[in-house]
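Inside the fold
Here is how the chains run, residue by residue.
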Amino acid sequence: MKTCFRVFRTSDWARRFTIQQDNDPKHTAKTTQKWLQDKSLNVLECPSQGPDLNPIEYLWRDLKVAVQRRSPSNRTELERICREEWEKLPKYMCTKIVASFPRRLEAGKDTAKDVSTKY
């Protein structure tokens, strides 16, 4: 993160963008929160039961399942299989995931009431 932030910080982007992260413990840790605050970065607040609003997460899930099915036995094999399986992911999946976001956002309104969603 620090390496990425150096490039990010030197541009004008830091003031124009908001960082989105879920409620994973590594994101909500006090040290992480302090680091983000010290860098004056905008962070989107996420409800505890909110839908995942990061489209890549759905592709990572599909990739993970496909790679696990092939049971790589070492790092080289893992990297090769990841590339192969990534190329096999159907292109329409991206469109389908993005198209589902209005429903996800609508479902996210319920999280203000601490109601979990199906996403």
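Residues numbered from 1 in each chain as written. Predicted model: local features only at pLDDT ≥ 70, side-chain atom pairs only at ≥ 80, totals over all residues. Heavy atoms only, no water.

- As annotated in an unreviewed UniProt entry, the chain carries the name Tc1-like transposase DDE domain-containing protein and is attributed to Oncorhynchus tshawytscha.

Looking at the confidence of the model for the chain
- Summing up the model confidence of the chain, the mean pLDDT is 80 and the portion of residues at 70 or higher is 74%.
- Model confidence for the chain, summarised as mean pLDDT per element, is weakest for helix α1 (residues 2–10) at 57 and strongest for helix α6 (residues 75–88) at 97. (pLDDT = per-residue confidence, 0-100. Helix = DSSP H or I, 4+ residues; strand = E, 2+ residues; numbered from the N terminus.)

A few points about the nonpolar core
- By size, the foremost hydrophobic cluster in this structure holds five residues: Tyr 58, Leu 59, Met 93, Ile 97 and Phe 101.
- Sorting the residues of this core by element identifies α5 (55–70) and α7 (92–99) as the ones contributing at least two each.
- Sequence-distant contacts of Ile 97, defined by excluding residues within four places in its chain, comprise Pro 55, Tyr 58, Leu 59 and Arg 104. (Core = buried A, V, L, I, M, F, W, Y, C linked by side-chain atoms within 4.5 Å. Buried < 20%, exposed > 50% of the residue type's maximum accessible area, 1.4 Å probe, protein only. Contact = heavy atoms within 4.5 Å.)

Some thoughts on the side chain of Ser 100
- With respect to the secondary-structure elements, Ser 100 resides in the loop between α7 and α8 (101–108).
- For Ser 100, a relative accessible area of 4% translates into the label buried.
- Here the side chain of Ser 100 touches Ile 97 through a polar contact of 2.6 Å, landing on its backbone oxygen. (Polar contact = N/O pair within 3.5 Å; in protein donor to acceptor, adjacent residues only side chain to side chain.)

Quick word on the packing of α5 against α6
- Interhelical geometry of α5 versus α6 gives an angle of 125° and a closest axis separation of 9 Å. It follows that α5 is oblique to α6 by the angle criterion. For the crossing formed where α5 meets α6, the hand is right-handed. Touching Ile 56, Leu 59, Trp 60, Leu 63, Ala 66, Val 67 and Arg 70 of α5 are Leu 78, Arg 80, Ile 81, Cys 82, Glu 84, Glu 85, Trp 86 and Lys 88, all from α6.
- In the contact of α5 with α6, the residues fall into 10 nonpolar, no polar and five charged. (Axes fitted to C-alpha atoms, helices over the stretch in contact; angles between N-to-C directions. Parallel < 35°, antiparallel > 145°, perpendicular 65-115°, else oblique. Left-handed = near helix turned anticlockwise from the far one by under 90°. Nonpolar A, V, L, I, M, F, W, Y, C, P; charged D, E, K, R; others polar.)

Here's the deal with the pattern of salt bridges
- The tally for this structure, following the rule as stated, stands at eight salt bridges.
- Put simply, Lys 26 and Asp 24 hold a salt bridge, and the shortest N to O gap is 3.3 Å.
- Relative accessible area serves as the criterion here: at 26%, Asp 24 is assigned to the partly exposed category.
- Two residues, Glu 84 and Arg 70, come together in a salt bridge whose shortest N-O distance is 2.7 Å. Placement of the pair is Glu 84 in helix α6 and Arg 70 in helix α5, with a sequence separation of 14 residues.
- Salt bridges here are not isolated pairs; linked through shared partners, they connect Arg 70, Arg 80, Glu 84, Glu 85 and Lys 88. (Salt bridge = Lys/Arg side-chain N within 4 Å of Asp/Glu carboxyl O.)

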